[in-house]
Amino acid sequence: MGDDSRLAAVVALAQGMAAAHSSRETWRAAAGGARRALGGSFAALSVWERELGRLRVLVNVGELAEGEEEFPEDESYPVHQFAEITEFLHERWAGGGEPDAWVETAQGPEEGRAGYCHQRVAALRRRGRGCCVVAPIVLHGRAWGELYVARPVGEPVFGRADADFATVLAAVVAAGIAQTERLEEARRLAFTDSLTGLANRRAVDARLDEAVELHRRDGAVVSLVVCDVNGLKRVNDTLGHSVGDRLLERFGTVLSLCGAMLPGALAARLGGDEFCLLAVGPSADEVVKAADEVCRRAVELDIGDGVACGVASTQDPIGPVRSARRLFRLADAAQYRAKAERAAHPVVAGREGPDDPVVRLADEPSREADGERRRFRGRHAPG
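None of the values given here were measured: they were computed from a predicted structure.

S.K.: I'd love a proper account of the pattern of salt bridges, names of residues and values included.
M.R.: The final tally for this structure, using the stated rule, is 25 salt bridges. R28 serves as the salt-bridge partner of E70, at 2.8 Å between the closest nitrogen and oxygen. Residue E70 is found in the loop between β2 (54-62) and β3 (76-78), and its partner R28 is found in helix α2 (residues 23-38); the two are separated by 42 residues along the sequence. Judged by its relative accessible area of 33%, E70 is partly exposed. Residue classification places R28 among the partly exposed positions, given a relative accessible area of 35%. Among the charged side chains, a network of salt bridges with common partners joins E49, R54, R56 and D74.

Given below as structure tokens:
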């Protein structure tokens, strides 16, 4: 491959990784781009998990051997089987050496080449591959993992120029992974409440829209619990905002623990003293049970005055739910009633007969206009 072709391959690899929208897409683009650039039949990207002492395969692309999967659940190798990742590579990097790639063949090590690992040679033979080039990936100044590209038996063996090129490709891959990590951290922060670590309003908006669409299309049960922490203003005024923040943090923990009773439930802080649980799939009764546990545990906190919880579920007789806004109105109206009545247990929309007061309150425009119930602020305000 000429210099122009290799430059084009590097550009294509970088562009492919830049276009990825998730970690998996990034891994696939990295391995696939390197495989094409080096003329390999197979490529893999692996991460060094120091805390577990293993090299874990993230993605396999190209011609997969028996037992190999594109995104393996748990294909990993103890690092003592690949001593170079902890000894040869780390020692060279720590000593200021370059993290160069190297070549191995099914016949054994190239003469004078460091980094030989007989487990890799055995793996090449077992999978019908004739040679491989292994390129370490360095991220934030530390060994992150490796890029591995192989060719089948009968194809030309990788040479020193290929190893040098693989070193360049690994540096491009490292830059792409770093960019993906920054973007994912930005996304995480955008959908996370900074005080409690729970999801935030933006995350709830997105998830609830998807959930209601799933309900309309497939009839999935969608349930929403809206909670209001009682006594936050009193705590702030008498004990200080730092204690008030501690109350919110502790209630966030309670909500998270109780939400774990509902597989896949999203626990979120909507803002101020308002929280919610969003569940898709569990029955309405299961959600009410979890909400009742929230109320019980909140009373046991040594600060605050418990919590007011309202529940709305598409499985209860609340009428058609065609929008996220309506389900929020119903849950918020139930929470409003729970607070007004100082209820020790959740109030559930639709469970008091045909003329259910919560459903009537949620769907009565004049009541909303008069401010008889607290509106859910923001995008899901009544309308």
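S.K.: I'd love a proper account of the side chain of H215, names of residues and values included.
M.R.: Relative to the assigned elements, H215 resides in helix α7 (residues 201-218). By relative accessible area, H215 is classed as buried at 18%. From its side chain, H215 meets the backbone oxygen of A220 in a polar contact 2.8 Å long. Ignoring sequence-local partners within four residues, the contact set of H215 consists of A220, V222, T314 and V321.

S.K.: A description of the sheet that holds strand β11 (residues 307-313) should follow, citing residues and the corresponding values.
M.R.: Read across the open sheet, the five strands follow the order β9-β10-β8-β11-β12; overall the sheet is mixed. Looking at the sheet topology across the chains shown, the edges are occupied by β9 (266-271) and β12 (347-348). Of the strands in this sheet, β8 (222-229), β9 and β10 (274-280) touch α7, which is tilted by about 125° from β9. Across the face of the sheet, helix α9 (residues 241-259) comes into contact with β8, β9, β10 and β11 while running at roughly 15° to β10.

S.K.: Could you give an account of the side chain of T180, naming the residues involved and the relevant values?
M.R.: Assignment of secondary structure puts T180 in helix α6 (residues 160-190). For T180, a relative accessible area of 10% translates into the label buried. Among the polar contacts made by the side chain of T180, one reaches the side chain of T26 at a distance of 2.9 Å. When sequence neighbours within four positions are dropped, the list of residues in contact with T180 reads S22, S23 and T26.

S.K.: How would you explain the state of the cysteines if you had to name every residue and give the values?
M.R.: Under the defined criterion, the tally for this structure stands at zero disulfides. C132 forms no disulfide, and the closest cysteine sulfur to it belongs to C131, at a distance of 7.2 Å. With no disulfide of its own, C295 lies closest to C309 among cysteine sulfurs, the gap being 3.7 Å. For C295, a relative accessible area of 2% corresponds to the buried category.

S.K.: Explain α7 to me, using residue names and the numbers behind them.
M.R.: For α7, which comprises 18 residues, the first-to-last C-alpha distance of 25 Å matches the rise-based estimate of 26 Å (1.5 Å per residue) to within 8%. Here α7 has its buried residues at A203, V204, D205, L208, A211, V212 and H215. The inward-facing, buried residues of α7 contact β8, β9, β10 and α11 (324-340). Between the side-chain oxygen of the N-cap and the backbone nitrogen of R202 there are 3.2 Å, and the N-cap of α7 in question is N200. Looking at the residues trailing α7, positive phi occurs at G219, about 80°.

S.K.: Which residues make up the environment of L55, and what values do they have?
M.R.: Considering the arrangement of structural elements, one finds L55 in strand β2. Accessibility expressed as a relative area gives 2% for L55, which makes it buried. Taking the C-alpha atoms as reference points, L55 and W144, separated by 89 residues in sequence, lie 9.8 Å from one another.

S.K.: Lay out helix α8 (residues 232-239) with the relevant residues and their values.
M.R.: Listing the buried residues of α8 in full gives L232, V235 and N236. Around the axis of α8, the buried residues are gathered within 100° of arc, so they sit on the same side. Of the exposed residues in α8, the ones pointing more than 90 degrees away from its buried face are K233, D237 and T238. Where α8 is buried, its residues meet β8 and α9.

S.K.: I'd love a proper account of unusual backbone geometry, names of residues and values included.
M.R.: For R342, which is not glycine, the phi torsion reads 50° and is therefore positive. Topologically, R342 is positioned in the loop between α11 and β12.

Basis of the calculations
- Residues numbered from 1 in each chain as written.
- Predicted model: local features only at pLDDT ≥ 70, side-chain atom pairs only at ≥ 80, totals over all residues.
- Heavy atoms only, no water.
- Salt bridge = Lys/Arg side-chain N within 4 Å of Asp/Glu carboxyl O.
- Helix = DSSP H or I, 4+ residues; strand = E, 2+ residues; numbered from the N terminus.
- Buried < 20%, exposed > 50% of the residue type's maximum accessible area, 1.4 Å probe, protein only.
- Polar contact = N/O pair within 3.5 Å; in protein donor to acceptor, adjacent residues only side chain to side chain.
- Contact = heavy atoms within 4.5 Å.
- Pairing = 2+ DSSP bridges.
- Axes fitted to C-alpha atoms, helices over the stretch in contact; angles between N-to-C directions.
- Disulfide = S-S within 2.5 Å.
- Expected span 1.5 Å × (residues − 1).
- Arc of directions from axis to C-beta.

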